[in-house]
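Now for the letters of each chain:
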Amino acid sequence: MTAVARMEWLKLRSVRSTWWIMLTFAAGMIGLAILVMGHQNWAHMSAADRATFDPTNNGFTGLALGQLLLGSLGVLAVTTEFSSGLIRATFAAVPSRPRVLVAKAGVLAAVALVAGELLSFAAFWAGQAMLKAPAPHATLGQPGVLRAVLMAGVYPALIALIGLGLGALIRHTAGAICAVVGVVFVLPLLIMPMGASVQHSVEKFLPEQMAANSLTAVKPVAHSLSPGIAFALLCGYAAVSVAAGAWALARRDA
């Protein structure tokens, strides 16, 4: 398995799109944190806005873009091999197809998690530096802040694994990226017309809603799962996605 993981690491880092995605991810996380936090005007906020002002969560606006980028990275980690035909050489070297996907998942998770955590802390510190007094600033020692920052790095890595599983299932880059967009962005829109009771019952199980509450350090999002349960469920989604992709690879011809 170590040799397979080395092979997957070599392939992931040698693809030019990996570096462009990571560069855009970094620019989005840090750049949007600077822009959003630099334009917070405490003096002109209403009393209600001040009561719900969250200097931690507001600095993670870049995750809206980051989750799409990392989900696309997960898709590309497997679909580019199918489109180029390289997957045949991979399966010739490693006949166990689920083993290949597990190695891909391990390498992708490590890269995405390290990048996500580094950028989440960078975005947090950049945002706090740009926030002007007398607006309240957040510190890692305050309740919920460290958890929110850590989750901001974990969440895009889990979306990347979901993208990897969808890529293995669909085997087509555009189709798999559309599936990621559907899961993250479209599903919340589809349940909006269904009424408040249905919306509140369903949306708390959607990835973006679970992340939104986990990134909050001041006022929890209404009708949401607790951060601990949300994290466990997101890990479950990622595991199911990768397992489904491994099952599909094992049953299909390359």
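Residues numbered from 1 in each chain as written. Predicted model: local features only at pLDDT ≥ 70, side-chain atom pairs only at ≥ 80, totals over all residues. Heavy atoms only, no water.

Q: If you had to explain the overall build of the protein to someone new, which residues and values would you point to?
A: Summing up its helical and strand segments, the protein has 11 helices and 0 strands in all. N-terminal to C-terminal, the α/β element order of the protein is α-α-α-α-α-α-α-α-α-α-α. Computed over the C-alpha atoms, the radius of gyration of the protein is 19 Å, within 12% of the 18 Å expected from 2.2 N^0.38 for a compact globule of 254 residues. Each principal axis of the C-alpha atoms in the protein carries an extent, and together these give about 65 × 40 × 30 Å. For the protein, the residues scored as buried account for 45% of the 254 residues in total. In the protein, 78% of the contacts between residues at least 6 apart in sequence involve partners at least 24 apart. Put simply, the protein shows about 11,800 Å² of open surface, and 71% of that area lies on carbon and sulfur atoms. Positive and negative side-chain charges in the protein, numbering 16 and 8 respectively, have mean positions lying 8 Å apart. (Helix = DSSP H or I, 4+ residues; strand = E, 2+ residues; numbered from the N terminus. Rg over C-alpha atoms; globule rule 2.2 N^0.38 Å. Buried < 20%, exposed > 50% of the residue type's maximum accessible area, 1.4 Å probe, protein only. Contact = heavy atoms within 4.5 Å. Areas by Shrake-Rupley, 256 points an atom, 1.4 Å probe, with all protein chains shown as cover. Lys, Arg positive; Asp, Glu negative; His and termini not counted. Charge placed at Lys NZ, Arg CZ, Asp CG, Glu CD.)

Q: Any chance you could break down the packing of helix H10 (residues 207-214) against helix H11 (residues 227-251) for me, citing the residues and the numbers?
A: Where H10 contacts H11, the axes come no closer than 9 Å and their chain directions differ by 145°. In the crossing of H10 with H11, the sense of the turn from one axis to the other is left-handed. Contacts between H10 and H11 pair Pro207, Met210, Asn213 and Ser214 from the former with Pro227, Ala230, Leu233, Leu234 and Tyr237 from the latter. Of the residues that constitute the contact of H10 with H11, the class distribution is 7 nonpolar, 2 polar and no charged. (Axes fitted to C-alpha atoms, helices over the stretch in contact; angles between N-to-C directions. Left-handed = near helix turned anticlockwise from the far one by under 90°. Nonpolar A, V, L, I, M, F, W, Y, C, P; charged D, E, K, R; others polar.)

Q: Tell me about the pattern of salt bridges, residues and numbers included.
A: Counted by the stated rule, this structure contains 4 salt bridges. In this structure, Glu8 and Lys11 form a salt bridge, with 2.9 Å as the shortest nitrogen-oxygen distance. Residue Glu8 and its partner Lys11 are located together in helix H1 (residues 2-14), separated by 3 residues, close to a single helical turn. Between Glu81 and Lys104 there is a salt bridge; the shortest N-O distance is 2.2 Å. With Glu81 in helix H4 (residues 63-84) and Lys104 in helix H6 (residues 97-130), this pair connects stretches of sequence that are 23 residues apart. (Salt bridge = Lys/Arg side-chain N within 4 Å of Asp/Glu carboxyl O.)

Q: Summarise the confidence of the model for the protein; cite the residues concerned and give the values.
A: The predicted model of the protein averages 90 in pLDDT, with 99% of residues at 70 or higher. Within the protein, no element has a lower average pLDDT than helix H9 (residues 196-203), which sits at 80, and none a higher one than helix H7 (residues 145-170), at 96. (pLDDT = per-residue confidence, 0-100.)

Q: Could you give an account of the packing of aromatic side chains, naming the residues involved and the relevant values?
A: If you walk through the whole model with that rule in mind, you get 2 aromatic pairs. The interplanar angle of 70° and the centroid separation of 5.7 Å between the aromatic rings of Trp42 and Phe53 together place this pair among those described as edge-to-face. Pair noted here: Trp42 is in the loop between helix H2 (16-38) and helix H3 (47-52) and Phe53 is in the loop between H3 and H4, with a separation of 11 residues, a long-range link. Here Phe121 and Trp125 contribute two aromatic rings whose centre-to-centre distance is 5.5 Å and whose plane-to-plane angle is 45°, an arrangement assigned as tilted. (Phe/Tyr/Trp six-rings, centres within 6.5 Å; stacked < 30°, edge-to-face > 60°.)

Q: Explain the environment of Arg99 to me, and be specific about the residues and the numbers.
A: Inspection of the secondary structure puts Arg99 in helix H6. Arg99 gets classed as partly exposed once you look at its relative accessible area, which sits at 35%. Spatially, the C-alpha atoms of Arg99 and Met22 are 26 Å apart, while their sequence positions differ by 77 residues. Those residues in contact with Arg99 that sit more than four places away from it in its chain are Met1, Val4 and Val94.

Q: Give a description of a nonpolar patch on the surface that names residues and reports values.
A: A cluster of nonpolar side chains, contributed by Val186, Leu187 and Leu190, occupies part of the molecular surface with about 230 Å² of accessible area. Relative to the assigned elements, Leu187 resides in helix H8 (residues 173-191). The exposure class of Leu187 is partly exposed, given its relative accessible area of 34%. (Patch = residues over 30% accessible without salt bridge, like charges linked within 9 Å, V, L, I, M, F, W, Y side chains within 5 Å.)

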